[in-house]
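Observations on the three-dimensional arrangement
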2 protein chains.
Amino acid sequence: MGKLIVVGIGPGNYENMTIKADRALRLCDVIIGYHVYVDLVRERYPDKEFLTTPMTQEMERCRMALDLAKQGKTVAMVCSGDSGIYGMAALIYELRGECSAPGIEVIPGLTAACSGAALLGAPLTHDFAVVSLSDRLTAWEKIEKRLEAAAAADLSIVLYNPASHGRPDHLRRACDILLRHLPEDRLCGVTRNIGREGENKRMLSLGELRSEKVDMFCTVFIGNDMTREIAQKMVTPRGYRDV
Amino acid sequence: MGKLIVVGIGPGNYENMTIKADRALRLCDVIIGYHVYVDLVRERYPDKEFLTTPMTQEMERCRMALDLAKQGKTVAMVCSGDSGIYGMAALIYELRGECSAPGIEVIPGLTAACSGAALLGAPLTHDFAVVSLSDRLTAWEKIEKRLEAAAAADLSIVLYNPASHGRPDHLRRACDILLRHLPEDRLCGVTRNIGREGENKRMLSLGELRSEKVDMFCTVFIGNDMTREIAQKMVTPRGYRDV
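Let me sum up the structure you'll find in this document. Per chain, the residues get numbers from 1 upward, laid out in the order the sequence is written. Lettering of chains starts at A and numbering of ligands starts at 1, both following the order in which they are written. Reporting of local features is limited, given that this is a predicted model, to residues whose pLDDT is at least 70; pairs of side-chain atoms are given and counted only at 80 or more, and all residues count toward the totals for whole chains, interfaces and linings. Values shown for side chains rest on all heavy atoms present in the structure; no hydrogens or waters enter the calculation.

1. A few points about a nonpolar patch on the surface
Residue and element names in this part refer to chain A.
- On the surface, a nonpolar cluster with roughly 230 Å² of combined accessible area is contributed by Met55, Met216 and Phe217.
- Mapped onto the secondary structure, methionine 216 falls in the loop between helix 8 (206–209) and strand 11 (218–222).
- Exposure remark for methionine 216: the relative accessible area of 30% places this residue in the partly exposed category. Exposure above 30% relative accessible area and no salt bridge define the residues that can form patches, which grow by joining like charges within 9 Å and nonpolar side chains of Val, Leu, Ile, Met, Phe, Trp and Tyr within 5 Å. Areas reported here follow the Shrake-Rupley algorithm with a probe of radius 1.4 Å; residue values treat only the protein chains shown as occluding. Salt bridges are defined as contacts in which a side-chain nitrogen from Lys or Arg sits within 4 Å of a carboxyl oxygen from Asp or Glu. Each helix corresponds to a stretch of at least 4 residues labelled H or I by DSSP, and each strand to a stretch of at least 2 residues labelled E; elements are numbered beginning at the N terminus. When accessible area is computed with a 1.4 Å probe and restricted to protein chains, residues below 20% of their type maximum are described as buried, those above 50% as exposed, and intermediate ones as partly exposed.

Now the structure itself:
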């Protein structure tokens, strides 16, 4: 009997993969995933069989992976960032249901909250919320409610999927909600293509963020009331210096 | 001039370190950190100089590391989990201030939200909040407000530092706050010693969590309203099957 390993490959560069994820990709028979993520690992594991599906075909992708594992193959499903956080691990457990076969292993990876924060400095030293602005699977009203709650409770906020072709104005709408509770000058950061070609970052105010151009390769960070810029880094102190 | 590298070593086992973190520890001159974390890496990098300080001496530890880097050494400050999320990166930027020397590099690592979630299954597929129950550096009222907000907005919640010798009843107090908004049978998970000797996990209801024994090596997961148990795993569906 084969096995399905759900692998979080991190932001995309080899150095930010875990030793366990690298080992899994070296030992598997088939690497399957959304074509953009498969292309990130294709060159390093050239002897593998590769299978890709378009972005919105998560069900088909997971079914394909489970079927190959049932046929006796060791299948690695690659997810960018973490395998669980907005990743495929849950859907794979759902589709396998209550049976115990094929075996499933979930290998965690660096989610953009960790890798993007390190690129900006240290914006997540204190409590924070992670919210996706994609309303493809979530009602926008629910997203609004979560943004309000996080801002009102002074949590730092990390925004995943801040925009896509279908929803170019979600970040502006999110900023308008946050501005009900947070000042215009609240320090924010935008990271793009973390660990990939064209990696870049920018610090700006929440007021400026409102009209910032972002796409699906961006992750956005909103500081809490202690976050400030130190030597061109976005830093959220935890309060050690006040002890 | 030396350099200070803040290294997130992940949960503690070598396999869950990133390739970049392993490389940094192999190439540095000195490894410094809280003794429990230094002991996790000591055997693998035997030729290094090791420096440890007690848990509550973060300032001294960071100053020591900056001084050694100023003296020309390549210093690796190890943090368990991520180097930024409740880690030392922010304090190091604060203490260095506006000068550009010594150089600081932040290498992200797997935080317990990622590694613990993978151990339990896939509880963080959807939006979530990360909250520490330690009131050493944060007013308990602020912690309460954040728990209340996260629960009211149906965010999954990850609790760091759920207890310590000084505050054995913080988890019970947190559960009482969450129970104002969440049902007694809300699915929760407790992980302990992730990736280390004695690693274990348990799924239980929020009502049961209230009287669960936890310590500083535990990370606690509270599901959202879609979280359920599938084949002994804690799974939060994202809704792909409803599309």
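Having seen the structure, we can now continue with the description.
2. Description of the pairing of strand 1 (residues 3–8) of chain A
Residues and elements named next belong to chain A.
- Most of strand 1 is tucked away: five of the six residues are buried.
- In this analysis, strands are considered paired if DSSP registers two or more bridges between them. Two elements, strand 1 and strand 5 (residues 103–107), share five bridges in a ladder whose sense is parallel. Bridging across to strand 5, leucine 4 finds its partner in isoleucine 104.

3. Things to note about the nonpolar core
- Within the largest apolar cluster, 58 residues are counted, with the highest numbers of intra-cluster contacts made by A:Leu209 and B:Leu209.
- Any two residues whose heavy atoms approach within 4.5 Å are treated as being in contact. With sequence-adjacent residues up to four places away left out, A:Leu209 is seen in contact with A:Leu171, A:Cys175, A:Cys188, A:Val190, A:Leu204, A:Val220 and A:Ile222. What is meant by a nonpolar core is a set of buried Ala, Val, Leu, Ile, Met, Phe, Trp, Tyr and Cys residues, joined one to another through side-chain atoms within 4.5 Å.

4. So, the relation of the copies chain B and chain A
- For the match of chain B to chain A, the screw axis carries a shift of 0.0 Å, the RMSD comes to 0.0 Å, and the turn is 180°. What the superposition gives is, in effect, a two-fold axis relating one chain to the other. Least-squares superposition of the copies uses the C-alpha atoms of those residues scoring a pLDDT of at least 70 in each of them.

5. Regarding helix 6 (residues 140–152) of chain B
- Between its first and last C-alpha atoms helix 6 of chain B spans 18 Å; for 13 residues at 1.5 Å apiece the expected length is 18 Å, and the two agree.
- Looking at the buried side of helix 6 of chain B, the elements it contacts are helix 6 (140–152) of chain A together with strand 7 (128–132), strand 8 (156–160) and helix 7 (170–178) of chain B.
- Directly beyond the C-terminal end of helix 6 of chain B, a positive phi value near 55° is found at B:Asp154. What a helix should span is 1.5 Å times the count of its residues minus one.

6. So, the sheet that holds strand 9 (residues 187–192) of chain A
- Pairing within the open sheet is mixed, and its 10 strands lie in the order 10(A)-9(A)-11(A)-8(A)-7(A)-7(B)-8(B)-11(B)-9(B)-10(B). Edge strands, defined here as strands with exactly one partner in the open sheet, are strand 10 (200–205) of chain A together with strand 10 (200–205) of chain B. For this sheet, the mean angle separating the axes of adjacent strands, direction not counted, is 15°.
- For helices, the axis comes from a line fit to the C-alpha atoms of the stretch in contact; other axes are also lines fit to C-alpha atoms, and the angle between any two N-to-C directions lies between 0 and 180 degrees. Across the face of the sheet, helix 6 of chain A comes into contact with strand 7 (128–132) and strand 8 (156–160) of chain A while running at roughly 160° to strand 7 of chain A.

7. Points about the pattern of salt bridges
- Counted by the stated rule, this structure contains 40 salt bridges over all chains.
- Note that A:Asp154 is salt-bridged to B:Arg146, the shortest N-O span being 3.4 Å. Taken together, the positions of A:Asp154 in the loop between helix 6 and strand 8 and B:Arg146 in helix 6 put the pair across two chains.
- Here A:Asp154 falls in the buried class, since its relative accessible area comes to 11%.

8. Quick look at the interface of chain B and chain A
- Counting residues at the interface gives 74 residues for chain B and 74 residues for chain A.
- Both faces combined, the contact of chain B with chain A buries some 6400 Å², and carbon together with sulfur accounts for 62% of it.
- Across the chain B-chain A interface, the total number found is 12 salt bridges.
- Among the salt bridges present, the one from A:Asp225 reaches B:Lys142, with a minimum N-O distance of 4.0 Å.
- Nitrogen and oxygen atoms within 3.5 Å of one another constitute a polar contact, given that in protein one can donate a hydrogen and the other can accept it, and given that sequence-neighbouring residues count only through two side-chain atoms. Put simply, chain B and chain A have 30 residue pairs in polar contact (both at pLDDT 80 or more) between them. Joining two parts hides part of their accessible area as seen by a 1.4 Å probe, and the buried area is that hidden amount summed over both.

9. Concerning the sheet that holds strand 12 (residues 228–230) of chain B
Residue and element names in this part refer to chain B.
- On the basis of which strands lie adjacent, the open sheet formed by three strands has the order 6-13-12 and mixed pairing. The open sheet terminates on both sides in strands that have one partner only, identified here as strand 6 (121–122) and strand 12.
- Examined bridge by bridge, strand 6 and strand 13 (residues 233–235) share two bridges and lie parallel to one another. When the bridges of strand 13 are listed, alanine 122 appears paired with valine 235.

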